[in-house]
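So you can see what is in the structure, the chains are spelled out below.
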Amino acid sequence: MTSRRTRIYEGKAKILYEGPEPGTVIVHFKDDATAFDAQKKAVIEGKGVLNQRISEYIFSRLNEVGIPTHFMRSLNLREQLVREVEIIPLEVIVRNVAAGSLAKRLGLEEGTPLPRSIIEFCYKNDALHDPMVSEEHITAFGWAAPQEIDDIMHMSIRINDFLTGLFLGIGIKLIDFKIEFGRLYENDMMRIVLADEISPDSCRLWDTKTNDKMDKDRFRRDMGGLVEAYQEVAKRLGIISENEKPERAKPKLVKSDT
Ligand code: TMP
Ligand code: ASP
């Protein structure tokens, strides 16, 4: 039962519990949405279930193409069993098209394709607002070793290539996304694996034809229709059927006209 489990950590959108065996952790996807360092908060019913399913699907596909992840299996609609890793305190952002903070920082119009994919690192620290850092800061402060940064960059590029193709095939442009990595210790060996989640909460996804946003910007920018957009992503990925409703979803979010 949920109440008897040992809670390891509660974040803004997920709760971690001790797993059934040593070296495992249960990830619980909440319906909570936050933006702008949690200054903006809401509970969006159905979001956690959709993110769990989308992330499960993406991590499984990545495992199949040889990109190691922490994911083991889904336990129920909201929860996954994952391998316990030591999270590297970096948010790795991969960008293909200018949007969000990059567009603002460099004065680019949102939607401008970038000359090539760009990887950015932010130090994972809410109190400091996840400041952007360079490889110099990462190695000087010991957050990751140079070889680990190399591994992270190579994996990030492979993940971007794979996801760009996956989404393009279902009429979605992968504008940018945020990923996190962890150290997995196994029989005196350590390797870097993809951790956390990949979902419309952590990506920018635009419909190829209409440029409609199918991601968390719908919440950040008060556009409404978030659950419907996440459902559409799941439908196109072929992981929920046309008539399937997310758990306990109520038709309370009004669809925007855009
Ligand atoms: P940004 O343009 O706001 O820096 O966001 C870049 C990408 O990272 C975008 O897909 C949203 C995602 N992201 C997160 O997943 N978590 C965060 O805390 C932030 C700021 C962005
Ligand atoms: N989830 C992050 C926060 O609450 C920011 C974001 O995704 O926009 O700060």
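Just so we're clear, the structure is a prediction, and the values are computed from it rather than from any experiment. (Residues numbered from 1 in each chain as written. Chains lettered and ligands numbered in written order. Predicted model: local features only at pLDDT ≥ 70, side-chain atom pairs only at ≥ 80, totals over all residues. Heavy atoms only, no water.)

Turning our eyes to something else, we now look at the pattern of salt bridges. A complete count under the given rule lists 26 salt bridges for this structure. Note that Glu79 is salt-bridged to Arg5, the shortest N-O span being 2.7 Å. Here Glu79 is found in strand S7 (residues 79–83), whereas its partner Arg5 is found in the segment before strand S1 (7–10), with 74 residues between them in sequence. Overall, the relative accessible area of 6% leaves Glu79 in the buried class. For Arg5, a relative accessible area of 23% puts it in the partly exposed group. The closest approach of N and O atoms between Lys47 and Asp201, which form a salt bridge, is 2.5 Å. Note that Lys47 is positioned in helix H1 (residues 47–64) and Asp201 in the loop between strand S13 (189–195) and strand S14 (203–207), a separation of 154 residues in sequence. There is no split in this pair, since Lys47 and Asp201 are both buried. A network of salt bridges, in which partner residues are shared, links Arg95, Arg105, Glu110, Glu120, Asp176, Arg204, Asp217, Arg220 and Arg221. (Salt bridge = Lys/Arg side-chain N within 4 Å of Asp/Glu carboxyl O. Helix = DSSP H or I, 4+ residues; strand = E, 2+ residues; numbered from the N terminus. Buried < 20%, exposed > 50% of the residue type's maximum accessible area, 1.4 Å probe, protein only.)

Attention shifts here to the sheet that holds strand S2 (residues 14–18). Pairing within the open sheet is antiparallel, and its five strands lie in the order S1-S2-S3-S7-S6. Either end of the sheet is taken by a strand with one partner, and the two such strands are S1 and strand S6 (71–76). When strand polarity is set aside, the average angle formed by the axes of neighbouring strands in this sheet is 25°. Pairing between S2 and strand S3 (residues 24–29): five bridges, direction antiparallel. Within S3, the position partnered with Tyr17 by the bridge is Ile26. (Pairing = 2+ DSSP bridges. Axes fitted to C-alpha atoms, helices over the stretch in contact; angles between N-to-C directions.)

That's the geometry; what it means functionally is another story.
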